[in-house]
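Architecture and fold: a report
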Amino acid sequence: MRNALPVLTVLIAILAIWYVAVAPMNIRVALDQAQRAGAVLQPETALERQEVSVWSLMLRNSAQIGQTYAMERPRLPTPGQVATELWSTTGEMALNGRAMSKRSLIYHGWITLQSTLWGFALGTALGILGAVAIVYSRVVNMSLMPWAIISQTVPIVALAPMIIVVSSQLGIQDRAVPKAIISAYLCYFPVLVGMVKGLRSPAHAQLDLLKTYNASGFQAFLKLRLPASVPYLFTSLKVGIAAALVGTIVGELPTGAISGLGARILIGDQFGTPLAIWAALVAAAVLAGVLVTLLDIAQRVTLRRMGMAP
Amino acid sequence: MRTNGGSDLIRDLAATQYCCQQEKTDVTIQPAINAPVISAKGLDLTFQTGDGPVHALRDVSLDIGKGDFVSFIGPSGCGKTTFLRVMADLEQPTAGQITVNGTSPEAARKARAYGYVFQAAGLYPWRTIGGNIRLPLEIMGYDRADQDARVARVLDLVELGGFEKKYPWQLSGGMQQRASIARALAFDADILLMDEPFGALDEIVRDHLNEQLLKLWDRTDKTICFVTHSIPEAVYLSTKIVVMSPRPGRITDVIDSPLPRVRPLEIRDTPEFLEIAHRVREGLRAGHAYDD
Ligand SMILES: Nc1ncnc2c1ncn2[C@@H]1O[C@H](COP(=O)(O)OP(=O)(O)OP(=O)(O)O)[C@@H](O)[C@H]1O
Ligand SMILES: [Mg+2]
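Residues numbered from 1 in each chain as written. Chains lettered and ligands numbered in written order. Predicted model: local features only at pLDDT ≥ 70, side-chain atom pairs only at ≥ 80, totals over all residues. Heavy atoms only, no water.

With respect to the overall build of chain B
Along chain B, the regular secondary structure elements total ten helices and nine strands. Counting across all 292 residues of chain B, residues that qualify as buried make up 54%. Taking as baseline every contact in chain B between residues at least 6 positions apart, the subset at least 24 positions apart corresponds to 71%. Entry remark: accessible area of chain B is about 12,500 Å², with carbon and sulfur atoms responsible for 52%. (Helix = DSSP H or I, 4+ residues; strand = E, 2+ residues; numbered from the N terminus. Buried < 20%, exposed > 50% of the residue type's maximum accessible area, 1.4 Å probe, protein only. Contact = heavy atoms within 4.5 Å. Areas by Shrake-Rupley, 256 points an atom, 1.4 Å probe, with all protein chains shown as cover.)

Encoded structure:
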């Protein structure tokens, strides 16, 4: 409960700022609509209004401000509108037994979650194996590490369509495969970097101690480096799973995808339904929050079991 | 404190842990007592650092006999730790020879001939105190029942009896240091290399552990190399006191102590004791004067 208070405070502040921002964001469109409905405005035509700032538009047409909070296709919907849209595409459909309908965000979230988890598993495995290779081999350290860093400087939005095209050229029909690959591509890097740091974290004296026992390299790995890396691993897993989710959503953006939260965002854009975009965005954020929280709990439990946390 | 139980524990330890060596020791103790276990001749060690070479050891020659208790004393930076690390094959000398048990330090290390107590306790935070002591036993492949018995024994020895299941962060710094000593005592190594093991402890506990260590040494015939900054501690414990001085690190005096093997704490008030202490102090002063 003590942790909830600061989080709630920040949440309320964000909602307040969001709410206030709705009026200036929507005023021009709202005035255009009001003009078409026959209202008298200051200034009268859309062309003239282009020259005037949103602030003075709001001052001079204060009667229309209410409209900005109740638009059908707002530039910026209110938190309430987003919540309503989210509810009607998730909870309400679930109550009606249509949770897995193609219009339900639960269905699209599930598609995204699956690819994210596959990408996360793949990326984590690659990251850990790469880190072990880097820590134990000077050659790999010098050859692999620069490429790992370069790989992350290539914009993923440029790379994602290529991965999708290549995988369909290879005859992989299932869209989930390239999505998981893109997801793993973003996810492996934080895991790799964190694990390298963790495996290298034992002090010299601790390695010297094992040397006096004439411990083998494998014993040193199992009894010292691996346990010492666990806190680092969890920290990077939390970054990694968020990156995996972003990767999956980016993988759903290129045309062709019809399911997944990324596809919902794209479709919402193409059909001019901003509420759908916002609902999908919030759903993605909630999904990321849940995944990171689960890992956080796993971290606490593991570290407490290991005796590394009170 | 469970002081009165201490000597019994030591006897137990000596009787059980070293039962197999007992026979051998009885037969060989007379002729072998001064055969060098560690023998260094003309050791030189220069570290190449960013600000130029650091001459950590120069022309260090020393013979340490079986069953000797040798203290190394000298100002900070005179190479005490470096010398111990050379014995332990953790550092390679740039010149000179050193043998341990008649072989190279590397061979001795691979034969697990010594236990090393580092300046910092260095316990694994993810292992309990018992688990930390078990670490060398696991690595050396002792069976489970033997591990349990040894852990219990050495924990009693350093008076951490009830702390087997505690984690290092639940213990004071001094208790952690005692646990690290127990870790080095848990397996059968003839040589004990201790780098300022009691530096972090209060005077009373330190006295007590000094007494315990002497008893352990007396009954087990271990060869002990012990680094300290305390003159009384060095004189009280040692059969041989090595005085070192810095820049470059070298040996300036080696004092063979005439004190008997069995030493009650009160021996520290005898004239013989004070005389040796005086000589050590003079040696340390001379080292400093040489520098200035
Ligand atoms: N790994 C290293 N690289 C470079 N220089 C070193 C290294 N280890 C020790 N030295 C230097 O060698 C000299 C001797 O160091 P050493 O640690 O043996 O001293 P010490 O007598 O143990 O001192 P203290 O009483 O402070 O522990 C010092 O000048 C130190 O700076
Ligand atoms: Mg030192």
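What to know about the overall build of chain A
Helices and strands together make up the secondary structure of chain A, namely 14 helices and zero strands. The N-to-C order of helical and strand elements in chain A reads α-α-α-α-α-α-α-α-α-α-α-α-α-α. Principal axes of the C-alpha set define a box for chain A whose edges measure 90 × 55 × 45 Å. Within chain A, the proportion of its 310 residues that are buried is 44%. In chain A, of all internal contacts separated by at least 6 residues, the share reaching a separation of at least 24 is 71%. Total accessible area on chain A is roughly 16,700 Å²; 69% of this is exposed by carbon and sulfur atoms.

Some points on unusual backbone geometry
All names here are of chain B. Of note, the amide linkage connecting Arg247 to Pro248 takes the cis form, showing an omega dihedral of -10 degrees. Phi at Glu159 takes a positive value of approximately 60 degrees, unusual for a residue other than glycine. Assignment of secondary structure puts Glu159 in the loop between helix 6 (144–157) and helix 7 (173–185).

Quick word on the nonpolar core
If you look at the biggest cluster of nonpolar residues, it comprises 135 residues, and the most contacted ones within it are Phe72, Phe83, Met87 and Val280 of chain B. Tallying contributions element by element places helix 12 (residues 217–252) of chain A first for this core, with twelve residues. (Core = buried A, V, L, I, M, F, W, Y, C linked by side-chain atoms within 4.5 Å.)

Thoughts on the confidence of the model for chain B
Residues and elements named next belong to chain B. Scored by pLDDT, chain B comes out at a mean of 82, with 86% of its residues at no less than 70. Least confident of the elements in chain B is helix 2 (residues 19–32), whose mean pLDDT is 41; most confident is helix 5 (residues 129–139), at 94. Counting contacts from residues 1–33, a segment whose pLDDT is below 50, to residues more than four positions away or on other chains yields 43 contacts. Prediction confidence for the complex, expressed as pTM and ipTM, is 0.80 and 0.81 respectively. (pLDDT = per-residue confidence, 0-100.)

Points about the pattern of salt bridges
Tallied over the full model, the rule gives 20 salt bridges over all chains. The shortest N-O distance in the salt bridge between Arg109 of chain B and Asp89 of chain B comes to 2.8 Å. With Arg109 of chain B in helix 4 (residues 105–110) and Asp89 of chain B in the loop between helix 3 (80–87) and strand 4 (95–100), this residue pair connects regions lying 20 residues apart in the sequence. A salt bridge links Arg285 of chain B to Glu282 of chain B; the nearest nitrogen and oxygen atoms lie 3.2 Å apart. Remark: Glu282 of chain B and Arg285 of chain B occur in helix 10 (residues 271–291); sequence separation between them is three residues, near one turn of the helix. For Glu282 of chain B, a relative accessible area of 35% gives the class partly exposed. When salt bridges that share partners are traced, they join Asp208 of chain A together with Arg85 and Glu91 of chain B into one network. (Salt bridge = Lys/Arg side-chain N within 4 Å of Asp/Glu carboxyl O.)

Details of empty space enclosed by the protein
Here the structure, examined in full by the defined rule, presents two cavities of 30 Å³ or more. Here the largest cavity defines a volume of roughly 90 Å³. Taken together, Leu157, Val158, Ile181, Leu185, Phe198, Leu209, Gln212, Leu213 and Leu216 of chain B form the lining of the largest cavity. For the lining of the largest cavity, the secondary structure elements donating two or more residues are helix 7 and helix 8 (203–220) of chain B. With four residues, helix 8 of chain B is the single largest residue contributor to the lining of the largest cavity. A volume near 50 Å³ is recorded for the second largest cavity. Contributing to the lining of the second largest cavity are Ala205, Gln206 and Leu209 of chain A together with Phe118, Ala120, Ala121, Gly122 and Arg183 of chain B. Here the lining of the second largest cavity takes three residues from helix 11 (residues 204–212) of chain A, the largest share from any one element. (1 Å grid on protein atoms, 1.4 Å probe; cavity = no way out; pocket = protein on both sides within 12 Å on 5 of 7 lines; lining within 4 Å. Points joined across faces, edges and corners; volume = space filled by probe spheres on them.)

Here we look at the interface of chain B and chain A
Chain B puts 24 residues into the contact, and the matching count from chain A is 21 residues. Taking both partners together, chain B and chain A bury about 2,100 Å²; carbon and sulfur atoms supply 61% of that area. Interface area lost by chain B to chain A is led by Tyr124, Trp126 and Ile139 of chain B, which between them contribute 33%. There are two salt bridges connecting chain B and chain A. Salt-bridge contacts for Asp208 of chain A lead to Arg85 of chain B; the nearest nitrogen and oxygen are separated by 2.9 Å. Taken together, chain B and chain A are joined by nine residue pairs in polar contact (both at pLDDT 80 or more). Counting residues per element, the ones that place at least two in the side of chain B that touches chain A are helix 4, strand 5 (114–117) and helix 5 of chain B. If one sorts the elements of the side of chain B that touches chain A by residue count, helix 5 of chain B sits on top with four residues. For the side of chain B that touches chain A, the residue count by class is 15 nonpolar, one polar and eight charged. (Buried area = accessible area lost by both parts, 1.4 Å probe. Polar contact = N/O pair within 3.5 Å; in protein donor to acceptor, adjacent residues only side chain to side chain. Nonpolar A, V, L, I, M, F, W, Y, C, P; charged D, E, K, R; others polar.)

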